[in-house]
Amino acid sequence: MRIPEYFLKEIIAPACNNERIVEAFKKVPRHLFIDDALIKLAYKDDALPIGYGQTISKPSTVAKMTAILDPQPNDKVLEIGTGSGFQAAILSKLVSEVYTVERIPALYRRATTIIRKLYIHNVKFKIDNGKVGWEEYAPYDKIIVTAGAELLPEELLNQLKDGGRLVIPINNTLKLYIKESNKLIKKNISECKFVKFVF
Ligand code: SAH
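Here is a short report on the structure shown in this document. (Residues numbered from 1 in each chain as written. Predicted model: local features only at pLDDT ≥ 70, side-chain atom pairs only at ≥ 80, totals over all residues. Heavy atoms only, no water.)

Considering the site of the ligand
Here is step 1: Taken together, 26 residues lie near the ligand, and S84, E102, N129, G130 and V198 sit nearest.
Here is step 2: Interatomic distance of 3.0 Å between a backbone N/O atom of G81 and a nitrogen atom of the ligand.
Here is step 3: N129 places a side-chain nitrogen or oxygen 2.8 Å from a nitrogen atom of the ligand.
Here is step 4: According to the grid-proximity analysis, the pocket containing the ligand is the largest pocket.
Here is step 5: At the level of elements, strand 2 (54-56), strand 3 (76-80), helix 4 (86-92) and strand 4 (97-102) are the ones that each hand at least two residues to the shell around the ligand.
Here is step 6: When residues in the shell around the ligand are grouped by element, the largest group, three residues, is from strand 2.
Here is step 7: Looking at side-chain class alone, the shell around the ligand contains 10 nonpolar, 11 polar and five charged residues. (Near = heavy atom within 4 Å. Polar contact = N/O pair within 3.5 Å; in protein donor to acceptor, adjacent residues only side chain to side chain. 1 Å grid on protein atoms, 1.4 Å probe; cavity = no way out; pocket = protein on both sides within 12 Å on 5 of 7 lines; lining within 4 Å. Sits in = over half its atoms within 2 Å of the grid points. Helix = DSSP H or I, 4+ residues; strand = E, 2+ residues; numbered from the N terminus. Nonpolar A, V, L, I, M, F, W, Y, C, P; charged D, E, K, R; others polar.)

Details of the pairing of strand 7 (residues 160-170)
Here is step 1: Here strand 7 lies mainly inside the structure; eight of its 11 residues are buried.
Here is step 2: Bridge analysis of strand 6 (residues 140-145) against strand 7 gives four bridges, and the strand direction is parallel. In the sheet register, K142 faces strand 7, and the bridge partner there is R165.
Here is step 3: As defined by bridge partners, strand 7 adjoins strand 8 (residues 173-180) across six bridges and the pair is classed as antiparallel. Bridge pairing in strand 8 links I168 to K175.
Here is step 4: From the end of strand 7 to the start of strand 8, which pair antiparallel, there are two residues, and N171 there has a positive phi angle of about 45°. (Buried < 20%, exposed > 50% of the residue type's maximum accessible area, 1.4 Å probe, protein only. Pairing = 2+ DSSP bridges.)

Describing unusual backbone geometry
Here is step 1: Look at the link from A138 to P139: it is a cis peptide, with omega at 0°.
Here is step 2: Mapped onto the elements, P139 comes out in the loop between strand 5 (123-127) and strand 6.
Here is step 3: Here N17, not a glycine, exhibits a phi torsion of approximately 55°, which is positive.
Here is step 4: Along the chain, N17 turns up in the loop between helix 1 (5-16) and helix 2 (19-27).
Here is step 5: With a phi close to 60°, Y52 is a non-glycine residue in the positive phi region.

Structural notes on the layout of surface pockets
Here is step 1: When its volume is computed, the largest pocket comes out at roughly 740 Å³.
Here is step 2: S57, T146, A147, F194 and V195 are the residues nearest the centre of the largest pocket, which is lined by 40 residues in total.
Here is step 3: Of all the elements in the fold, those that place two or more residues in the lining of the largest pocket are strand 2, helix 3 (59-69), strand 3, helix 4, strand 4 and strand 9 (183-191).
Here is step 4: Counting residues per element, the lining of the largest pocket draws most heavily on helix 3, at five residues.
Here is step 5: Per-class residue counts for the lining of the largest pocket are 16 nonpolar, 15 polar and nine charged. (Points joined across faces, edges and corners; volume = space filled by probe spheres on them.)

Topic: the environment of F125
Here is step 1: Counting through the fold element by element, F125 comes out in strand 5.
Here is step 2: According to the relative accessible area criterion, F125 is buried, its value standing at 18%.
Here is step 3: For the pair F125 and E79, spaced 46 residues apart in sequence, the C-alpha to C-alpha distance is 9.6 Å.
Here is step 4: With residues up to four places along the chain from it excluded, the contact list for F125 reads T82, T100, Y108, A111, T112, I115 and W134. (Contact = heavy atoms within 4.5 Å.)

Section: the side chain of H31
Here is step 1: With respect to the secondary-structure elements, H31 resides in the loop between helix 2 and strand 1 (48-51).
Here is step 2: Those residues in contact with H31 that lie beyond four places of it in its chain are M1, I39, A42 and Y43.

Notes on the sheet that holds strand 3
Here is step 1: The strand order 5-4-3-6-7-8-9 describes an open sheet built from seven strands, whose pairing is mixed. Sheet topology places strand 5 and strand 9 at the edges, where each strand pairs with a single neighbour. Going from strand to strand, the sheet's axes swing by 15° on average, the running direction of each strand aside.
Here is step 2: Sitting on the sheet, helix 5 (residues 105-117) is in contact with strand 4 and strand 5, with an inclination near 165° to strand 5. (Axes fitted to C-alpha atoms, helices over the stretch in contact; angles between N-to-C directions.)

Dropping the structure here:
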């Protein structure tokens, strides 16, 4: 299966407004991250089940969150909620190092297998509750949380560099936090719907 042109032009490009991000979506076939039974839906703008009550996010949401994160080639990025591994694979094409944490071991295993098959070598995976971040490789330039939390896990802020950006859905609002000389700038971006972040 090829990545259809309309997917890039009509779903991804308008959601991110960023040519570098569209290029990343060109390199990562979404159909490889979902069940064979759902493959026909891979290039529609919908979230799809990936088992264990979890979903691969809507492609326009992945594009939008990636744009808000403002990925730069030398960035070290932490993702909480590996899920299918699709968001991590997109980030791998845009930054130098990606660290991703998932609490469900079966999803961790599936995501590592797919990413390995795609010859992506700059993503490191871990099974853990992501509310504690990933101390070993901190601090990060950017942090992205892809499950909906009720509040901001404080430890993530500690692991963010000065000048760093943190994107997280909290109570159905997508939020951006920017850490600047020990001040925290908060922005509400938009309404959103995500699977639950487990505290
Ligand atoms: N980024 C994923 C989206 C997956 S849905 C993708 O591209 O497919 C969100 C994921 O977050 C689920 O897999 C869920 O198990 C995971 N999750 C929820 N709470 C978590 C927590 N506290 N720590 C780590 N992972 C968590």
